[in-house]
Amino acid sequence: MRAIRRISDALARRPEIVLWLIAAYYVLAVALRMLRSEALNSDEAEQLVQSQFFLMGYGRQPPFYNWLQYGIIQLTGPSIFALSLVKNLLLFLCCAVYGLAARLVLKDRRLVAVAILGVIAMPAVSVMAQRDLTHAIATLFAVAFFLYAFLQTLIRPSLGFYLLTGFAVGIGLIAKYNFVIVPVAAILAILPEPELRKRIFDWRIIPALAVTAALCLPHGLWLLGNLTEATDGTIKAMREDASGNPILDRLSGLGTLAVAILSGTLPVLAFFLIAFRRSLVEARTAASEWTRVIGRMLLLCLVAVGLIGLGFGATTISEKWLSPFLILLPLYLCLKLGSAGADSSRSVARMLFPVAALALGFIAYMALGNVIGPRLGQYNKENLPSGPFLREVLAERADTNPAYVIAADPFLGGSARIELPSARILWPRFGQTPLLDTMERGQVGLIVWRENGNGMPDGLSAYLQENGIDAERLATATKAVPYLFSGGRDTVTFGFAWTVGDAGTPRTGNRPRS
């Protein structure tokens with residue numbers, strides 16, 4: 001208890017320590033991700049396959065996160081470390097920039113620290129982001145960055161801050177399409193404030209828009225030519241459980257929106273109640289210029305999501321889609337508390353310990369779950385032995401250096417990228433991968449899939465045909481590999497085939513390593 005008291009006193013005197021603790025947490029998160037499993041989650045596997053190329057667009061997602069991942073992999077090589085570094089660095093920068101934004105409108109340094117901890121308290125940040133998110137994380141950073149630039153522009157208008165705001169908007173728009181709601185909501189939120197409204201009708205907004213346009217132009221041109229590819233996946237996900245009844249479907253969508261709002265806000269409110277107790281309840285009527293602005297922004301963002309859902313007939317609106325907007329909640333609550341003059345002397349420690357328990361507990365849970373789950377007969381994506389399977393196949397032909405790997409799913413494709421960083425990885429569902437040319441078809445290739453008892457999947461066979469490979473002429477084989485951490489008790493069966501020659505006809509002998 002004495003140690004906790006000393007920590008509490010230190011946090012009260014120097015609340016900026018919180019940011020260093022958060023930095024340490026994300027370093028730990030990177031280390032634990034590298035240690036807990038060599039298998040990949042869905043978004044990680046997809047990133048490894050897509051990061052082979054620097055493109056202006058990647059399917060239904062804008063390119064900002066992919067560009068960052070491409071750059072890091074160019075520096076470090078494809079690895080779990082490269083994947084985890086980008087994710088956790090963006091999350092830390094989100095917290096750091098959010099803190100800078102909070103300092104602009106909060107006089108109490110302890111409330112600034114609490115606002116940053118409020119970001120970690122969000123389930124999307126402490127749970128979902130560590131499990132399997134990519135582009136949503138980039139959007140969280142973009143919103144924090146925009147918030148900082150926007151508040152700076154309102155408080156200390158200068159050409160530099162206008163340009164910074166334009167840059168932040170551009171980053172947000174190439175991070176995720178739903179970011180566009182945030183700057184629109186911000187403009188609408190300041191319209192009722194006479195002094196702040198002047199910032200909209202300032203000539204400096206024109207060069208700011210020019211910066212935004214310059215950042216978005218390359219992807220915008222790609223989007224015009226690939227609109228269907230960029231939007232179909234998202235619309236299908238929103239209408240995933242559609243019944244065909246437009247009224248019931250829309251009511252279902254509004255219901256999932258309400259649930260998503262509650263599941264995203266209640267944990268944050270609970271942590272604030274722990275930290276401030278009755279002061280939080282008493283602060284509900286407190287108001288200031290900034291509580292009004294941030295409160296309107298939050299409300300307008302949620303209303304916009306609801307209207308978009310109604311317009312598209314969405315049956316499902318998930319919490320992760322709301323996370324870029326709910327990130328405004330911790331700052332809003334801190335502004336309320338600051339306006340009410342709430343006692344914050346012990347708030348940082350009261351907030352830190354339960355939030356740390358949640359954040360640290362979850363990354364420890366994921367690591368332990370990979371080990372304990374197989375003992376109970378439960379397996380997840382991080383137990384899939386794609387890497388060991390590929391290593392066994394390659395060891396059987398140690399003098400063969402495949403020029404390409406065609407993988408039926410992203411998990412095999414991502415693992416192949418790690419095991420064979422110089423090989424080209426093809427995945428049928430990533431249509432932007434160039435097909436094999438005549439020279440490549442004459443080189444050694446490896447085709448891999450997960451075997452379900454029916455042989456090579458039909459979709460993979462058709463993709464091979466597109467690449468000039470006759471699947472029927474391949475000599476296929478299977479290999480059973482134990483699940484990771486299963487102790488050899490349960491196995492997964494994979495299929496594979498080696499190819500060489502223009503028609504995909506297997507030949508005897510191996511191509512020497514180049």
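A. Examining the side chain of Asp132 more closely. Residue placement: Asp132 occurs in helix H7 (residues 123-132). It is Lys381 that comes nearest to the buried, bridge-free Asp132 among opposite-charge side chains, at 4.1 Å. Polar side-chain contacts of Asp132 include one of 3.2 Å to the backbone nitrogen of Ser42. Residues within four places of Asp132 in sequence aside, it is in contact with Asn41, Ser42, Asp43, Glu44, Lys87 and Lys381.

B. Molecular detail of the confidence of the model for the protein chain. Per-residue confidence for the protein chain gives a mean pLDDT of 91, with 94% of residues at or over 70. Across the protein chain, element-level confidence peaks in helix H9 (residues 159-173) with a mean pLDDT of 98 and bottoms out in helix H1 (residues 2-13) with 70. Contacts from residues 503-514, a stretch scored under 50 in pLDDT, to residues over four places away or in other chains number 30 contacts.

C. Fine view of the packing of helix H5 (residues 80-105) against helix H6 (residues 109-121). Put simply, H5 and H6 touch, their axes get as near as 9 Å, and they point 145° apart. Crossing of H5 against H6: the hand is right-handed. Residues Cys94, Cys95, Tyr98, Gly99, Ala102 and Arg103 of H5 touch H6, and the partners they reach there are Val112, Ala115, Ile116, Val119 and Ile120.

D. Highlighting the packing of aromatic side chains. Considering all chains together, one arrives at 13 aromatic pairs under this definition. Summarising the aromatic geometry, the rings of Phe54 and Trp67 are spaced 5.3 Å apart at their centres and angled 20° between planes, so their arrangement reads as stacked. Here Phe54 is found in the loop between helix H3 (42-50) and helix H4 (64-76), whereas its partner Trp67 is found in helix H4, with 13 residues between them in sequence. Owing to a relative accessible area of 45%, Phe54 belongs among the partly exposed residues under this scheme. Relative to Phe167, the ring of Phe145 lies with its centre 6.0 Å away and its plane at 70°, an arrangement referred to as edge-to-face. Of this pair, Phe145 sits in helix H8 (residues 135-155) while Phe167 sits in helix H9, and the two are 22 residues apart along the sequence.

E. Quick peek at the packing of H6 against helix H19 (residues 347-375). Close contact between H6 and H19 brings their axes to 10 Å; oriented N to C, the two are set at 15°. Taken together, the axis directions place H6 and H19 in an arrangement best described as roughly parallel. Relative to H19, the crossing made by H6 is left-handed. In this structure, H6 uses Arg110, Ala113, Val114, Leu117, Gly118, Ile120 and Ala121 to contact H19, whose residues at the interface are Ser347, Val348, Met351, Leu352, Val355, Leu358 and Ala359.

F. Region of the structure containing the sheet that holds strand E3 (residues 445-450). If you walk across this open sheet you meet the five strands as E2-E1-E3-E5-E4, and the pairing is mixed. The outermost strands of the open sheet, each flanked by one partner alone, are strand E2 (424-426) and strand E4 (476-482). Across this sheet, the average inter-strand angle for adjacent strands is 25°, counted without regard to direction. Where strand E1 (residues 404-407) and E3 come together, four bridges link them in parallel fashion. Bridging across to E3, Ile406 finds its partner in Ile447. Of the strands in this sheet, E3, E4 and strand E5 (491-499) touch helix H20 (residues 386-396), which is tilted by about 40° from E5.

G. The arrangement of the pairing of E1 in detail. Burial along E1 is two-sided: the face carrying Tyr404 and Ile406 and the face carrying Val405 and Ala407 are both buried. In this fold, the crossover linking E1 to E2 by way of helix H21 (residues 410-419) has right-handed handedness.

H. Quick look at the layout of surface pockets. Approximately 340 Å³ is the volume found for the second largest pocket. If you trace the second largest pocket, you find 20 residues lining it, with Thr165, Val169, Ile187, Ile205 and Leu209 closest to the centre. Elements supplying a minimum of two residues to the lining of the second largest pocket: H8, H9, helix H10 (181-190) and helix H12 (205-225). Considering each element in turn, the lining of the second largest pocket owes the most residues, five residues, to H9. Split into classes, the residues belonging to the lining of the second largest pocket amount to 15 nonpolar, four polar and one charged.

I. Spatial organisation of the side chain of His219. Residue position: His219 is located in helix H12. Overall, the relative accessible area of 4% leaves His219 in the buried class. Among the polar contacts made by the side chain of His219, one reaches the main-chain carbonyl oxygen of Met56 at a distance of 2.6 Å. What His219 contacts, discounting residues up to four positions off in sequence, is Met56, Gly57, Pro62, Pro63, Ile174 and Tyr177.

The rules we used
- Residues numbered from 1 in each chain as written.
- Predicted model: local features only at pLDDT ≥ 70, side-chain atom pairs only at ≥ 80, totals over all residues.
- Heavy atoms only, no water.
- Helix = DSSP H or I, 4+ residues; strand = E, 2+ residues; numbered from the N terminus.
- Buried < 20%, exposed > 50% of the residue type's maximum accessible area, 1.4 Å probe, protein only.
- Lys, Arg positive; Asp, Glu negative; His and termini not counted.
- Salt bridge = Lys/Arg side-chain N within 4 Å of Asp/Glu carboxyl O.
- Polar contact = N/O pair within 3.5 Å; in protein donor to acceptor, adjacent residues only side chain to side chain.
- Contact = heavy atoms within 4.5 Å.
- pLDDT = per-residue confidence, 0-100.
- Axes fitted to C-alpha atoms, helices over the stretch in contact; angles between N-to-C directions.
- Left-handed = near helix turned anticlockwise from the far one by under 90°.
- Phe/Tyr/Trp six-rings, centres within 6.5 Å; stacked < 30°, edge-to-face > 60°.
- Parallel < 35°, antiparallel > 145°, perpendicular 65-115°, else oblique.
- Pairing = 2+ DSSP bridges.
- Right-handed = clockwise from strand over helix to strand, strands pointing away.
- 1 Å grid on protein atoms, 1.4 Å probe; cavity = no way out; pocket = protein on both sides within 12 Å on 5 of 7 lines; lining within 4 Å.
- Points joined across faces, edges and corners; volume = space filled by probe spheres on them.
- Nonpolar A, V, L, I, M, F, W, Y, C, P; charged D, E, K, R; others polar.

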